[in-house]
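Fold and geometry: a report
Residue-level listing of the chains:
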Amino acid sequence: SITLQHGAHRIGNRTDAGMARWRSLRLGQFIHWGLYAIPGGEWKGKTYNGAAEWIRSWKEMPQAEYDNLYKQFNPVNYQPEQWALQAKNMGAKYMIITTKHHDGFCLWPSKYSRYTVASSPWKKDIIGPMVDAYNKNGIDVYLYFSIIDWNHPDWRASPKTPADSIAYGRFKVFVKNQLQELLTKYPTIKGFWFDGTWDDSWKNDGAFSDELEQYLQKIHPGLIIGSRLRADEKGARHFDSNGRLMGDYEQGWERKLPEKIADIHGNDWEGVMTIPENQWGYNARWAGHIKSANELIEMLVKSTSLAGNFVINFGPKSDGTFRTEEVQRMQEIGQWMKVNGAAIYNGGYAGFEKQDWGYYIRKNGTDSVFMVVCNVPVSGDLRVKLPQQTTLTHAATLENPAQAITPEVTGKNEYFLRLETKNFHTPVVILLQTSRNTGNDNGRFEKAK
Ligand SMILES: C[C@@H]1N[C@@H](c2nc3ccccc3[nH]2)[C@H](O)[C@@H]1O
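Report on the accompanying structure. (Residues numbered from 1 in each chain as written. Predicted model: local features only at pLDDT ≥ 70, side-chain atom pairs only at ≥ 80, totals over all residues. Heavy atoms only, no water.)

A look at the sheet that holds strand β1 (residues 27–31)
Judged by pairing direction, the sheet is parallel, and its 8 strands sit side by side in the order β7-β6-β5-β4-β1-β10-β9-β8 without closing on themselves. Of all strands in the sheet, those with a lone pairing partner are β7 (224–225) and β8 (250–254), marking the two edges. In terms of strand pairing, β8 meets strand β9 (residues 269–273) through 3 bridges, oriented parallel. Bridge pairing links Glu254 to Val272 in β9. Together, β1, β9 and β10 (308–314) form the strand contacts of helix α8 (residues 293–305), whose direction differs from that of β10 by roughly 155°. (Pairing = 2+ DSSP bridges. Helix = DSSP H or I, 4+ residues; strand = E, 2+ residues; numbered from the N terminus. Contact = heavy atoms within 4.5 Å. Axes fitted to C-alpha atoms, helices over the stretch in contact; angles between N-to-C directions.)

Re the site of the ligand
Around the ligand, the neighbouring residues are His32, Glu53, Trp54, His101, His102, Tyr144, Trp193, Asp195, Trp198, Glu254 and Trp280. Trp54 places a polar side-chain atom, nitrogen or oxygen, 3.2 Å from a nitrogen atom of the ligand. At 2.7 Å, a side-chain N or O of Asp195 approaches a nitrogen atom of the ligand. Looking at the shell around the ligand residue by residue, the classes come out as 5 nonpolar, 3 polar and 3 charged. (Near = heavy atom within 4 Å. Polar contact = N/O pair within 3.5 Å; in protein donor to acceptor, adjacent residues only side chain to side chain. Nonpolar A, V, L, I, M, F, W, Y, C, P; charged D, E, K, R; others polar.)

Section: the nonpolar core
Counting 93 residues, the largest nonpolar core has Tyr134 and Phe192 as the members making the most contacts within it. Examining the composition of this core, we find that 7 residues originate from one element, helix α5 (residues 162–185), more than from any other. (Core = buried A, V, L, I, M, F, W, Y, C linked by side-chain atoms within 4.5 Å. Buried < 20%, exposed > 50% of the residue type's maximum accessible area, 1.4 Å probe, protein only.)

Quick notes on α5
In this model α5 runs 35 Å from its N-terminal to its C-terminal C-alpha over 24 residues, within 8% of the 34 Å that 1.5 Å per residue would give. What α5 keeps buried is the set Asp164, Ala167, Tyr168, Phe171, Lys172, Phe174, Val175, Gln178, Leu179, Glu181, Leu182 and Leu183. Against β4 (94–100), β5 (140–146), β6 (191–195), α6 (200–203) and α7 (206–219) lie the buried residues of α5. (Expected span 1.5 Å × (residues − 1).)

Points about the pattern of salt bridges
Tallying each qualifying case throughout the model produces 26 salt bridges. Here the salt bridges do not stand alone but share partners, grouping Arg10, Arg14, Asp16 and Asp248 into one network. (Salt bridge = Lys/Arg side-chain N within 4 Å of Asp/Glu carboxyl O.)

Overview of the sheet that holds strand β18 (residues 428–436)
Whenever strands of a sheet pair, they do so through backbone hydrogen bonds, lying parallel or antiparallel. Taken in spatial order, the 5 strands line up as β11-β12-β13-β18-β15 in an open sheet, and their pairing is antiparallel. Bordering the open sheet on either side are β11 (347–348) and β15 (390–397), each of which pairs with just one other strand. Contacting β11, β12 (358–363) and β13 (368–373), α8 runs over the sheet at an angle of about 50° to β12.

Here's the deal with α7
Relative to the 20 Å expected for 14 residues at 1.5 Å per residue, α7 spans 20 Å between its end C-alpha atoms, a close match to the ideal helical length. Within α7, the full set of buried residues consists of Gly206, Phe208, Ser209, Asp210, Leu212, Glu213 and Leu216. Contacts from the buried residues of α7 go to α5, β6, α6 and β7.

A closer look at the side chain of Glu270
Here Glu270 is to be found in strand β9. Of the side chains with opposite charge, Arg228 comes closest to the buried, unpaired Glu270, at an N-O distance of 7.8 Å. Polar side-chain contacts of Glu270 include one of 2.6 Å to the side chain of Tyr94. Side-chain polar atoms of Glu270 contact the side chain of Trp193, separated by 2.7 Å. (Lys, Arg positive; Asp, Glu negative; His and termini not counted.)

Examining the pairing of β18
Taken together, the 6 bridges between β13 and β18 define a ladder with antiparallel strand orientation. Across the sheet, the residue bridging to Val373 is Val428, located in β18.

Focus on the packing of aromatic side chains
One pair of aromatic rings is described through two measures. These are the centre distance and the angle between the planes. Applying the stated criterion across every chain, the model contains 27 aromatic pairs. Ring geometry for Phe30 versus Trp280: centroids 5.7 Å apart, planes at 70°, classification edge-to-face. In this pair, Phe30 is assigned in strand β1 and Trp280 in the loop between β9 and α8, connecting sequence segments 250 residues apart. By relative accessible area, which is 1% here, Phe30 ends up buried. Between Trp155 and Tyr168, the ring centres sit 6.2 Å apart and the planes meet at 65°, which makes this aromatic pair edge-to-face. Of the two residues, Trp155 is situated in the loop between β5 and α5 and Tyr168 in helix α5; the sequence distance between them amounts to 13 residues. The pair Trp155 / Tyr168 is uniform in exposure class, with both members buried. An aromatic cluster is built from Trp33, Tyr70, Phe73, Tyr78, Trp83, Phe105, Tyr115, Trp122 and Phe322, whose rings are joined through pairwise contacts. Across the ring face of Tyr215, the terminal group of Lys176 is positioned such that the distance to the ring centre comes to 4.5 Å. (Phe/Tyr/Trp six-rings, centres within 6.5 Å; stacked < 30°, edge-to-face > 60°. Lys NZ or Arg CZ within 6 Å of the ring centre and 35° of its normal.)

Honestly, it's all geometry; don't read function into it.
In structure tokens form, the structure reads like this:
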């Protein structure tokens, strides 16, 4: 390995209580809300084919007109208590809110910028009431913060001249001030979700990203910050030039998930997912494939089975309400979580041989392993192959009333489970009680006591 001043400062996952809590939450709600919700992917009768929150970069959008949208920001139907209740009913245990996206508009009245809600017809702080409402409903809050700031005169994607470097130096002070301000105003937040860190200016200044992260941890110990903030002194991002993860979890899984346990290299990780193919901010026209609740539930289950968190994104409208499809997804996911949440919260990698019918999730630190069945085989037989010295002592569905299952046992520590009902509308969860090093002959299924 090479000597690095600004690479990873820790090998392996964090072991403190704050990170253990993050690891137990598993399901999060991402919210992208800002001026981009006003055009909602359309402008003067034309449709923008990119992601709605990027419309400012569209050639058909005059930047000055976009930048003046703050004069229209007035979410008269914004009700943070309703937002928080809706998220609680979905089963989300944490929420990530865009305090400032790439366009630079701040949803809090920052004293370091005039480009904030304070200058809008709404005038009031959006973030504070949201943090309070979500915390009151037992949901942890993380603040999304974009380093890219298209509105700030000192932002540079790639400084070219000495004057650029001086301006960018001022910008870095501005970033540090805004982050310190967010921590002071909203002390209950659990971490930052950084974005917009791919440009040369940031990538080639690993020292600053390292110093910034240490500064934030110093003023607010225990903050949880993903790998997207950091670059090392050689411009490596997420993983330093020795291949070691920087930050507290791998934050690169955006609109994609790992396939198998080897893909996560033992690191904590989080996947963030849009319901349409690629829209984070509100887009009036949802085109392409819109993920169903079952698809999102399966992604949540897959993430949990691979020891990661899964965050579903929502893009409220400019008036502060949610579109019907998003309300429906939250309700349907919430109904499934009410019955099966025990398989998700505190869930992790089981270490069993993956089967086609779905995913195994181990309740952390126990011999309780959940089978989440997403694909019922035409045979109706669900094969369970257990590691050596592990036997199955009991099996039953999670639903009410629980349906006990007597597995068929084969000699090779292999079991076949059959489900009575055939017509499923959502993934079915079966709880397996296992025991290890029992010493009895392999595979003997002991009748439920
Ligand atoms: C979490 C997501 N990250 C932002 C983003 N911008 C990108 C530009 C290029 C490639 C990927 C991107 N992700 C999206 O706008 C959203 O905020």
